[in-house]
Amino acid sequence: MDRLIITGGNRLDGDIRISGSKNSSLPILAATLLADGPVTVGNLPHLQDVTTLIELLGRMGVHVTIDDRMNVEVNVSTIEEFHAPYELVKTMRASILVLGPLLAHFGRAEVSLPGGCAIGTRPVDLHLRGLEAMGAEVEVANGYVYASVPGGRLKGTRLVLDTVTVTGTENLMMAAALAEGTTIIENAAREPEVVDLADCLNKMGGHVQGAGTDTITIEGVVSLSGTVHNVIPDRIETGTYLVAAAATSGRIRVKDTAPHLLDAVLQKLQEAGAKLTLDETTIELDMEGRRPKAISLKTAPYPAMPTDMQAQFTAMNAVAEGTGTITETVFENRFMHVQEMNRMGADIQLQANTAICRGVDHLTAAPVMATDLRASASLVLAGLVAEGDTIVDRIYHIDRGYECIEEKLQLLGASIRRVPA
Ligand code: EPU
């Protein structure tokens, strides 16, 4: 298992390019299961989670071709199995995204139930209840979801989600795309990745309206065709590098991104003292050598502050001027980075779902680890501002979500290297 060794103290300074969105790539790769013709997905990031979803498609007998630029062509005409095994689902919960498409297109699916997760219990009850409301028979046994559609075709209906769920909205939207009649999803997630998926479904011949609002209307069609779709830039990767630059009092230009998807994040960076210059695809952040000011935030579904940025802002606050409070409302256990940062000399107190961060002058290096992706990334950020050599263990979590993290940080002047443990 590899580790990262980071020698802190360098101000980030330079330009990097943002990769395609992980959380768009996964549902869009799952959506290829709905099409009768080949679908080509471009701008995919080279990440472990994307590889896992491609492997999942391959295990079902789906024909997948990848070129050297990570354009993936998926042709489902060769599908033989409708099964997502535990050994893959346990490494990536988003595998549940194949459930809706398999049921809608082939009338059956066996998908391992994702277990608990490092950041919370993360049930999938809303995915299952929605599919049942559309006429699926769903049984959970031996750790698997066994689902089928008596009569062969799901039926459109009105679905009111009692919690805003991103992959739940995506799964149901994909299922509804091939259902008979109209489905209305209320209290739908408004995340940009939901909109990207809707755009892709519409290019395939689907009729999806309202994505990006809390009511999505899907008129089911009899079949969907092949298409070509490039996924949107990764807003969380973008935010992570911006916060890293702010924490190190640095300057950064982030290219090939989508600034309009980061309103809440950019607002907090301005509060922290960053000077921001934006154009359509670029964000430049300059701290002009200043230490960041502590900010307070509360996570919530889009367009509010993403839970996936909470840990990184906690790292910035750890070395900021003043005190900031960070409240997590989406997941119940997403503060595992706090104990590790305190081992590095941070002064962060946890009170229920709020972390009170009193900024300190500097952190000191320590061996640290985390068991989730964003927490691991935040420990890399802490390492960038710590005195000495921070060793971040279990970095396979980082490889699930950040393409070439050490190369990108090196380009920005960080001292970081990967070593085999
Ligand atoms: N929830 C339920 N029942 C359900 C589904 C969700 O109670 O059936 C609850 C969850 O337990 C949670 C809340 O609803 O408390 C929101 O969870 P959501 O379903 O929106 O999360 P998700 O779809 O599993 C996606 C991202 C996560 C991101 C969350 C929130 C993907 C593949 N994953 O997860 O990304 O944190 O939305 O924005 O899109 C990451 O990239 O590091 C990551 C964890």
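The shown structure was predicted, so the numbers you read here are calculated from the model rather than taken from an experiment.

Caption draft 1: Summary view of the overall build of the protein chain. Counting secondary structure elements, the protein chain contains 14 helices and 26 strands. The globule rule puts the C-alpha radius of gyration for 421 residues at 22 Å, and the 21 Å found for the protein chain is close to it. Counting only C-alpha atoms, the protein chain reaches 65 × 45 × 40 Å along its principal axes. Residue burial in the protein chain is summarised as follows: out of 421 residues, 56% are buried. Taking all contacts inside the protein chain whose residues are at least 6 apart in sequence as the whole, residues at least 24 apart take part in 73%. Total accessible area on the protein chain stands at roughly 15,900 Å², and carbon and sulfur atoms take up 47% of it. Distance from the positive charge centre (35 side chains) to the negative charge centre (52 side chains) of the protein chain: 4 Å.

Caption draft 2: Quick peek at the site of the ligand. In the vicinity of the ligand lie 21 residues, with Thr165, Thr167, Asp308, Val330 and Arg374 positioned nearest. For the ligand, an oxygen atom lies 2.7 Å from a polar atom in the backbone of Val330. Arg374 places a polar side-chain atom, nitrogen or oxygen, 2.7 Å from an oxygen atom of the ligand. The set of elements that each furnish at least two residues to the shell around the ligand consists of α1 (22–31), α5 (125–133), α6 (166–177) and α12 (373–384). Ranked by residues supplied to the shell around the ligand, first place goes to α5 with three residues. A class-by-class count of the residues in the shell around the ligand yields nine nonpolar, six polar and six charged.

Caption draft 3: Just the pattern of salt bridges, in detail. In the structure shown here, the tally under the stated rule is 27 salt bridges. For Lys275, the salt bridge goes to Glu288, with nearest N and O atoms at 3.9 Å. With Lys275 in strand β16 (residues 275–278) and Glu288 in the loop between β17 (283–286) and β18 (297–298), the pair connects residues that are 13 residues apart, well separated along the chain. One salt bridge connects Asp399 with Arg418, and the closest N-O pair in it is separated by 2.8 Å.

Caption draft 4: The arrangement of the nonpolar core in detail. Counting 74 residues, the largest nonpolar core has Val98, Met173 and Leu201 as its most contacted members. With six residues, the single largest contributor to this core is α6. Setting aside anything within four residues of it in sequence, one finds Leu201 in contact with Ala31, Leu34, Met173, Met174, Ala177, Gly206, Val208 and Leu224. Counting 67 residues, the second-largest nonpolar core is a separate cluster that includes Leu12, Tyr241, Ala244 and Val380.

Caption draft 5: Here's a closer look at unusual backbone geometry. Following Tyr302, the chain continues to Pro303 via a peptide bond in cis, the omega torsion being 10°. Along the chain, Pro303 falls in the loop between β18 and α10 (310–318). Not every positive phi belongs to a glycine, and Met70 is a case in point at roughly 65°. By secondary structure assignment, the location of Met70 is in the loop between β4 (63–66) and β5 (72–75). You will see that Asn142, though not glycine, has its phi angle at about 50°, which is positive. Assignment of secondary structure puts Asn142 in the loop between β8 (137–141) and β9 (144–148).

Caption draft 6: View of α12. Spanning twelve residues, α12 covers 17 Å between terminal C-alpha atoms, matching the ideal 16 Å at 1.5 Å per step. Most of α12 is tucked away, with twelve of its twelve residues classed as buried. Within the span of α12, buried status applies to Leu373, Arg374, Ala375, Ser376, Ala377, Ser378, Leu379, Val380, Leu381, Ala382, Gly383 and Leu384. Between the side-chain oxygen of the N-cap and the backbone nitrogen of Arg374 there are 3.2 Å, and the N-cap of α12 in question is Asp372.

Caption draft 7: Fine view of the packing of aromatic side chains. In the structure shown here, the tally under the stated rule is two aromatic pairs. Taking the centre distance of 5.2 Å and the plane angle of 45° together, the rings of Phe82 and Phe106 count as tilted. Of this pair, Phe82 sits in the loop between β5 and β6 (83–84) while Phe106 sits in helix α4 (residues 99–106), and the two are 24 residues apart along the sequence.

Caption draft 8: Broad picture of the sheet that holds strand β25 (residues 389–393). What the four strands build is an open sheet, ordered β23-β25-β1-β26; its pairing is mixed. On the outer flanks of this sheet lie β23 (367–369) and β26 (415–420), each paired with one strand and no other. Sheet twist, expressed as the mean angle between neighbouring strand axes with direction ignored, is 25°. Contacts from α12 reach β1 (2–7), β23, β25 and β26, with the element oriented near 30° to β1.

Caption draft 9: Representation of the environment of Leu411 in the model. Tracing the chain through its elements places Leu411 in helix α14 (residues 405–411). Under the relative-accessibility criterion, Leu411 is labelled exposed at 59%. As a C-alpha pair, Leu411 and Lys275 span 136 residues in sequence and 21 Å in three-dimensional space.

Rules and cut-offs
Residues numbered from 1 in each chain as written. Predicted model: local features only at pLDDT ≥ 70, side-chain atom pairs only at ≥ 80, totals over all residues. Heavy atoms only, no water. Helix = DSSP H or I, 4+ residues; strand = E, 2+ residues; numbered from the N terminus. Rg over C-alpha atoms; globule rule 2.2 N^0.38 Å. Buried < 20%, exposed > 50% of the residue type's maximum accessible area, 1.4 Å probe, protein only. Contact = heavy atoms within 4.5 Å. Areas by Shrake-Rupley, 256 points an atom, 1.4 Å probe, with all protein chains shown as cover. Lys, Arg positive; Asp, Glu negative; His and termini not counted. Charge placed at Lys NZ, Arg CZ, Asp CG, Glu CD. Near = heavy atom within 4 Å. Polar contact = N/O pair within 3.5 Å; in protein donor to acceptor, adjacent residues only side chain to side chain. Nonpolar A, V, L, I, M, F, W, Y, C, P; charged D, E, K, R; others polar. Salt bridge = Lys/Arg side-chain N within 4 Å of Asp/Glu carboxyl O. Core = buried A, V, L, I, M, F, W, Y, C linked by side-chain atoms within 4.5 Å. Expected span 1.5 Å × (residues − 1). Phe/Tyr/Trp six-rings, centres within 6.5 Å; stacked < 30°, edge-to-face > 60°. Pairing = 2+ DSSP bridges. Axes fitted to C-alpha atoms, helices over the stretch in contact; angles between N-to-C directions.

As far as function goes, none of this settles anything; it's purely spatial.
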